[in-house]
Structure formats: structure tokens, C-alpha cells
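Structure at a glance
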Amino acid sequence: KRLTDSIAHYAKFPQTGVSLRQMVEFGQNPNQGTLLKAAQFLHDELPIRLAHRVVELDNLPNNLDKMPSIQRVKRWYIESFNDLVNFPRVPEKMLQYIRIDEEHRNATLQKIPEAKPNHSLSTPEAIRTPNSLPSLSKRYHFKTLSTDFPPEFSEYNKRFVNCIEHIKRRHDSVVSTVAQGINEYKKHIGVNLIDDRAQMFLDRFYLSRIGIRMLIGQQIALNLPKSPPGFVGVIQTNIKLDEVVQEAIDNATFVCEDHYMLLTTPKVTLQCPDNIHFTYVPSHLHHMVFELLKNSLRAVVETYGDEADDYPEIKVVISEGSEDITIKITDEGGGIPRSEIDKVWTYMYTTADAPSVEDSLYKSDFKAPLAGFGYGLPLSRLYARYFGGDLRLVSMEGRGTDAYLHLSRLSNSEEPLA
Ligand code: W6P
């Protein structure tokens, strides 16, 4: 009962969104002090987000909340909430240490004189290329001022990472378990079409899950010994679009070949401008493109048959604008009738059976190869929207489908929190 009250209390607080840009700025050159501050933020924010979900899971339309699998998912949210509120707060002593460290750093900053290149030590070449001068912070070692934190800092950070890793793992199979719950619900109401309120709940719920897992994943990654070059945690600041998309093409092609046991597989071509500067999470991009390609490949193979000698190729075109990077995937798989197109985004209308409870116990999500209009498309659209992008389908019935995946370059759009 005390837990229930505590959840109701936390659910009164608004959730706080974080933009991709904030995550990048915060995660650059992390030290045990910044990691501790991030842990403190998550220690406040995650219970709030989890509490919002528990309250929603308690108030679903038409007894959807009574379905056993939905109840099971709710218990995971309650357990994770409990883990976090029972985790010790960052001790005041440590916060004070950080404040003093920051004041010291600001004071040092103000004392620094105008940067004057030391001509007597510089070669003429170096004078002509001022960019080759070491930056202010390198010359005066601000950053190193705050690299030596007492051992309590890394101990606290390590323990917190263990706590959130455990939580992340507990929720690995949420998508397939909720899918199971939706199947229970469909049997219960005897209709194969989801109502708007349930659809809206699921969009909000899965979008929230993406955000929570992003924040946890980022904190775990920042606590690893060192991000690879070009990475800030799980974010890649100079993402190689063509490489990630080509990998998604190869994987989707393999899954398609394997599933239909094809001798020839539809060819997928990629057209991508050179040197696009873009910041994104490679795993999200891979996930979305992989899902779209599986749909296109399936449509083409099922239109031409799995014994065809050749297939019309699927074309992936990437364009770079000032606001958006757009990835268009064109197939000639016969298209979708206009009256059916909206159903593609629903969680109810699924031809493939959701995995059984037994399966979802042992397997994490996203393992079903080439599933039908499962949750792949609505979830991919949520991944796109999570960082300010979108996903649209335009179909020509009788010919094929174009998928437009828009990714926002203005990485300051805040997390949508539904
Ligand atoms: C189809 C159906 C579909 C969904 C998503 C992406 C591409 C395609 N092609 O025929």
C-alpha cells in the first residue's frame, strides 16, 4: 500500500524531456562528476516516468488492464519503480564536492588572460594555421581539474549502472508480452480491430519505453571505459548513414532469403550522397530501415512468387536537406489499397500470431523473422518520432509502395513524452 501511494505521488510530477543535443552535450568527455549528476537526474526522472506508466496501466479502456499479460507487464514497472526509490540518493557531501569543483573551475576560467600565441615557439606554418593551436582547455587543463574524484564517486556510479542494467533487462520482452495481452484482449472482446483509445495508449506506452531505454542505455554506455571515436555513448555524432543502411539491407536480404529459401533475392540498391554530417543513434536507424525493407522484400517476393527468376529492384534513396535527412524506400510489390493503409499503423491488425507467453519468457523482442504487419511499422514510426522525425507510406495500388523515413537534423527537438 505504501508503494501504491508512492507511485501515485510520483505520477503527479511532469516528466522531463531530453533532446538529442542535450544528451550529446552532456555526454562529451564525461568524468565521474558528470556521470554522478546524470545518475542523480535519472534517479529522479525514471521513477516519475515509470509511475506514469503504472497509473496508465491501471486505467485502460474496456478491461484491457485486466488481461493477464498486461498485469504481468505492470508488475515489472512496479518492481522497477521500487528498485529505484529504494536506491540510495546521492549523498549531499558528494553534491557539495561537485559544486565546489565547479566554482573553482569557473574562478580559474575568469583568471585566464587573452589567448596569445607564443610566436617564439611557433613555426611559421603554425602561425598561418591558427586552428592548429591547442584549445584553451588543453593549454590550461580545466578538464583535468575535475578528473580526480574520491572513490565514492565511481562506486556510486557503478552501483547505479548495475541497478538500471537490471531494470532494462527486466523489461526486455515488454513488447511481445503486451502483444500477448492484446491477443488476450482480442479474444475477450471478440473483435479483430483495436479501438482508438487502446491504440493511443499503446503509442504512448511504447514511445515512453523507447525514451526510458534510451536514457538507461546512454547512461550505461557513458560509464563504459571509453566511447569509440565519433560516439557519445550510444549516439554517433558523425554517423555513416550509408554503412548503417547497407548493413540493414544486407540483414533484411539475408532474413528474406532464409525465410523463403530463395535462389535469387530481390536486389536492393542504395543511393546516398557523400559526406552527410548527421548525429543519430545507429541502432535506431538500423531498426527502422530493417523493418521497412522486410516489408518491401516480402511484398515483392509474394507478388512475383518465390520461384521467380528475377524481381524488380527495391530502391533506397537518401537525401540531405537543411532540416531533414530523408530515406525513401521504393518497392514494386503491388502496393496497399488506400482503404487498408491506416491499418498498417495499428497494433491490433496483425496477421502473424504474437509469440506465446512461453516464447516471450525466454526471448527478447524483435526476433521474429519477417513477421507480417506485426508491430514493426508502428514501432518504427515511434522511433522516428522520438527524435523529431516521422515515417510515412505512400502507395500506388497495383504497382508498389514508397516509404519516407524523415529524420530531423535539428537535434534540439525535445523527447516527446506523450
Ligand atoms: C508493401 C507494404 C509495405 C509496408 C511498409 C513498407 C513497404 C511496404 N510495401 O507492399
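Residue positions are given per chain, counting from 1 as you read along its sequence in written order. Per-residue local features of the predicted model are confined to residues with pLDDT of at least 70, and side-chain atom pairs are confined, for both listing and counting, to 80 or more; whole-chain, interface and lining totals are unaffected and use all residues. To obtain the side-chain values, all non-hydrogen atoms of the structure were used and water was disregarded.

What about the overall build of the protein?
We count it as follows: Each helix is a run of H or I in the DSSP string that is no shorter than four residues. Each strand is a run of E no shorter than two, and both are numbered from the N terminus. Classification of residues uses two cut-offs on accessible area relative to the type maximum, computed with a 1.4 Å probe and protein chains only: under 20% is buried, over 50% is exposed, and between them is partly exposed. Residue contacts are counted whenever heavy atoms from the two residues lie within 4.5 Å of one another. Areas reported as accessible are Shrake-Rupley estimates using a 1.4 Å probe. Residue values count occlusion only from the protein chains shown.
Each helix and strand counted, the protein has 15 helices and 7 strands in total. Per-residue burial for the protein yields a buried fraction of 46% across its 418 residues. Sequence-distant contacts, at least 24 apart, represent 82% of the contacts inside the protein between residues at least 6 apart. Here the protein displays about 21900 Å² of accessible surface, and carbon together with sulfur accounts for 52% of that area.

Side note on the pairing of strand S3 (residues 268–271)
Worth spelling out the cut-off: Should DSSP find at least two bridges between two strands, the strands are taken to pair. Viewed with both strands pointing away, a crossover whose connecting path from the first strand over the helix to the second turns clockwise is right-handed.
Two strands pair when backbone bridges link them, and S3 and strand S4 (residues 314–320) are joined in this way by 4 bridges, in the parallel orientation. Residue pairing in the sheet places Thr-269 in a bridge with Lys-315 of S4. In this fold, S3 hands off to helix H13 (residues 282–304), which returns the chain to S4; that crossover is left-handed.

Description of the site of the ligand
Threshold: A molecule or strand has a residue near it when one of that residue's heavy atoms lies within 4 Å. Any pair of nitrogen or oxygen atoms within 3.5 Å is treated as a polar contact; in protein, a donor-acceptor pairing is required on top of that, and neighbouring residues in sequence qualify only through side-chain atoms on both sides.
Around the ligand, the structure places Leu-292, Asn-295, Ser-296, Ala-299, Asp-331, Ile-336, Leu-377, Leu-393 and Thr-401. In this structure, a nitrogen atom belonging to the ligand sits 2.8 Å away from a side-chain N or O atom of Asp-331. Protein contact buries 96% of the 270 Å² of open area that the ligand shows by itself. With 4 residues, the top contributor of residues to the shell around the ligand is H13.

Topic: the packing of aromatic side chains
Put simply, the rule is: The aromatic pairing rule takes the rings of Phe, Tyr and Trp, using the six-membered ring of Trp, and pairs them if the centres are within 6.5 Å, calling planes under 30 degrees apart stacked, those over 60 edge-to-face and the rest tilted. Two thresholds decide whether a charge sits over a ring: the Lys NZ or Arg CZ must be within 6 Å of the ring centre and within 35 degrees of the ring normal.
Tallying each qualifying case throughout the model produces 16 aromatic pairs. An angle of 50 degrees between the planes, with centres 5.6 Å apart, marks the rings of Tyr-97 and Phe-149 as tilted. Here Tyr-97, found in helix H5 (residues 92–111), pairs with Phe-149, found in the loop between helix H8 (142–145) and helix H9 (151–170); they are 52 residues apart in sequence, far enough to count as distant. Three or more aromatic residues joined by ring pairs make a cluster, and in this case those are Tyr-77, Phe-201, Phe-205, Tyr-206, Tyr-347 and Tyr-375. Sitting over the ring of Trp-345, Arg-381 keeps its end group 4.3 Å from the ring centre.

Quick word on empty space enclosed by the protein
Put simply, the test is: A 1.4 Å probe that fits but cannot get out identifies a cavity on a 1 Å grid over protein atoms alone, an open set with protein on both sides within 12 Å along at least five of seven lines counts as a pocket, and a residue lines either if it has an atom within 4 Å of a point. Grid points are joined across faces, edges and corners, and a volume is the space filled by probe spheres set on the points. Each residue receives one of three labels: charged for Asp, Glu, Lys and Arg, nonpolar for Ala, Val, Leu, Ile, Met, Phe, Trp, Tyr, Cys and Pro, and polar for the others, Gly being one of them.
As enumerated under the stated definition, the model contains 3 cavities of 30 Å³ or more in all. Space inside the largest cavity adds up to approximately 60 Å³. Leu-50, Tyr-77, Ile-167, Lys-168, His-171, Arg-209, Ile-212, Arg-213 and Ile-216 are the residues that line the largest cavity. Listing elements by their share of the lining of the largest cavity, those giving two or more residues are H9 and helix H11 (196–222). The leading source of residues in the lining of the largest cavity is H11, at 4 residues. For the lining of the largest cavity, the per-class residue count stands at 5 nonpolar, 1 polar and 3 charged.

Regarding H11
How we decide: A helix is expected to reach a length of 1.5 Å times the quantity of its residues less one.
The terminal C-alpha atoms of H11 lie 39 Å apart, and with 27 residues this matches the ideal 39 Å at 1.5 Å per residue to within 8%. Counting buried residues along H11, 23 of its 27 residues qualify, which places the element largely inside the surrounding structure.

Examining the sheet that holds strand S6 (residues 390–396)
The strands that make up a sheet pair up through hydrogen bonds in the backbone, lying either parallel or antiparallel. Applicable threshold: Here an angle of 0 to 180 degrees is reported between the N-to-C directions of two axes, which are lines fitted to C-alpha atoms, with helices fitted over the stretch in contact.
If you walk across this open sheet you meet the 5 strands as S3-S4-S5-S7-S6, and the pairing is mixed. Two strands lie at the open edges of the sheet, namely S3 and S6, each paired on one side alone. This sheet shows a mean twist of 15 degrees between the axes of neighbouring strands, independent of strand direction. Against the sheet, helix H12 (residues 241–260) makes contact with S3, S4 and strand S5 (324–331), and its axis sits at roughly 175 degrees relative to S3, the strand it touches most.

As for the pattern of salt bridges
Heads up, the condition is: For this analysis, a salt bridge means a side-chain nitrogen from Lys or Arg found within 4 Å of a carboxyl oxygen belonging to Asp or Glu.
On inspection of all chains with the given rule, the structure shows 18 salt bridges. The shortest N-O distance in the salt bridge between Lys-294 and Glu-291 comes to 3.3 Å. On the criterion of helical spacing, the pair formed by Lys-294 and Glu-291 is a turn pair, its members being 3 residues apart in helix H13. The two residues Lys-294 and Glu-291 agree in class, both being buried.

A look at the packing of helix H3 (residues 32–57) against helix H4 (residues 68–85)
The condition that has to hold: Put simply, angles under 35 degrees are roughly parallel, angles over 145 are roughly antiparallel, angles from 65 to 115 are roughly perpendicular, and the rest are oblique. If you view the pair so one helix is near and one far, a crossing is left-handed when the near helix is turned anticlockwise from the far one by less than a right angle, and right-handed when it is turned clockwise.
At their nearest, the axes of H3 and H4 sit 9 Å apart, and the two run at 155 degrees to each other. In terms of orientation, H3 and H4 fall into the roughly antiparallel class. As for the relative orientation of H3 and H4, their crossing is left-handed in sense. Along the contact surface, H3 presents His-43, Leu-46, Pro-47, Leu-50, Ala-51, Arg-53, Val-54 and Leu-57, while H4 presents Ile-70, Val-73, Lys-74, Tyr-77, Ile-78, Ser-80, Phe-81, Leu-84 and Val-85. Residues of the contact of H3 with H4, tallied by class, amount to 13 nonpolar, 2 polar and 2 charged.

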